[in-house]
Amino acid sequence: DDQSNSEIVLQVLIRSFGFSNGRPNGAQVINVRSMLNPSNSLRRAGKTGRDKELQLDIWSQPGNEDYYQMHIVPTVQQLIDTQEERMLEIAIGCDAGKHRSVAVAERLVSEDWKLVDGGWDYLQLQVQHRDVDLKSRDKSKSRNRKDQRARKHQAWNH
């Protein structure tokens, strides 16, 4: 590493996550749940936001590209411009943390960010995907809980 000690580096960690698994602490959170999901066939095939095919599908969904350019990019640029500490953590959240948030995080680390007002010499970007490899919740368990609640409710009403 030939960076000199006089260079001021801003380390930016971009982490994808799923709100269904809890919100991360200590991060600037960007909610991408308003973006449209990729097609069901890709999700059923086990593709994630790391897969090029799924990324292309996400960016082709109506409104997603505009949302990225008009909301996500300016928000991240503002966070970079106003960051005073040497470490910035940005958490990108969707429902499960497997598709939209992962695709957005992957794209963000490939952007050419401007170093305008922050006084940083350069950025060191890193991406992490907190929930991408988690197994999907067992839907039969949640169905059983709903059935139990319904039975309990019936018992109270009789």
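One can find the structure itself at the top, above this paragraph.
Keep in mind that what you see is a predicted model, and the values were worked out from it rather than measured.

Caption draft 1: Spatial organisation of helix α2 (residues 52-60). When α2 is considered as a whole, its buried residues turn out to be Leu54, Gln55, Asp57, Ile58 and Trp59. Packed against the buried residues of α2 are α1 (40-44), α3 (64-82) and α4 (100-108).

Caption draft 2: Representation of the side chain of glutamine 55 in the model. Of note, glutamine 55 is situated in helix α2. Residue class for glutamine 55 comes out buried when judged on its relative accessible area of 11%. Of the polar contacts made by the side chain of glutamine 55, one reaches the backbone oxygen of glycine 49; its length is 2.7 Å. The contacts of glutamine 55, once residues within four sequence positions are left out, are Gly49, Arg50, Ala103 and Glu106.

Caption draft 3: Structural view of the pairing of strand β1 (residues 9-18). Counting buried residues in β1 gives nine out of ten residues, a clear majority hidden from the surface. Bridge analysis of β1 against strand β4 (residues 122-129) gives eight bridges, and the strand direction is parallel. Bridge pairing links leucine 13 to glutamine 126 in β4.

Caption draft 4: Geometry of the nonpolar core. With 27 residues, the main nonpolar core has Val32, Ile72, Val76, Ile90, Ile92, Val104 and Leu108 as its most contacted residues. Elements supplying a minimum of two residues to this core: β1, α2, α3, β3 (87-94) and α4. With six residues, α3 is the largest single contributor of residues to this core.

Caption draft 5: Quick peek at the packing of α3 against α4. Orientation of α3 relative to α4, taken along the N-to-C sense of each, is 60°, at an axis distance of 12 Å. As far as their axial angle goes, α4 and α3 are oblique. For the pair α3 and α4, the sense of crossing is right-handed. Taken together, the residues of α4 that come into contact with α3 (itself represented by Glu65, Tyr68, Gln69, Ile72 and Val76) are Val104, Arg107 and Leu108. Of the residues assigned to the contact of α3 with α4, the class counts are five nonpolar, one polar and two charged.

Each value, and the rule that gives it
- Residues numbered from 1 in each chain as written.
- Predicted model: local features only at pLDDT ≥ 70, side-chain atom pairs only at ≥ 80, totals over all residues.
- Heavy atoms only, no water.
- Buried < 20%, exposed > 50% of the residue type's maximum accessible area, 1.4 Å probe, protein only.
- Helix = DSSP H or I, 4+ residues; strand = E, 2+ residues; numbered from the N terminus.
- Contact = heavy atoms within 4.5 Å.
- Polar contact = N/O pair within 3.5 Å; in protein donor to acceptor, adjacent residues only side chain to side chain.
- Pairing = 2+ DSSP bridges.
- Core = buried A, V, L, I, M, F, W, Y, C linked by side-chain atoms within 4.5 Å.
- Axes fitted to C-alpha atoms, helices over the stretch in contact; angles between N-to-C directions.
- Parallel < 35°, antiparallel > 145°, perpendicular 65-115°, else oblique.
- Left-handed = near helix turned anticlockwise from the far one by under 90°.
- Nonpolar A, V, L, I, M, F, W, Y, C, P; charged D, E, K, R; others polar.

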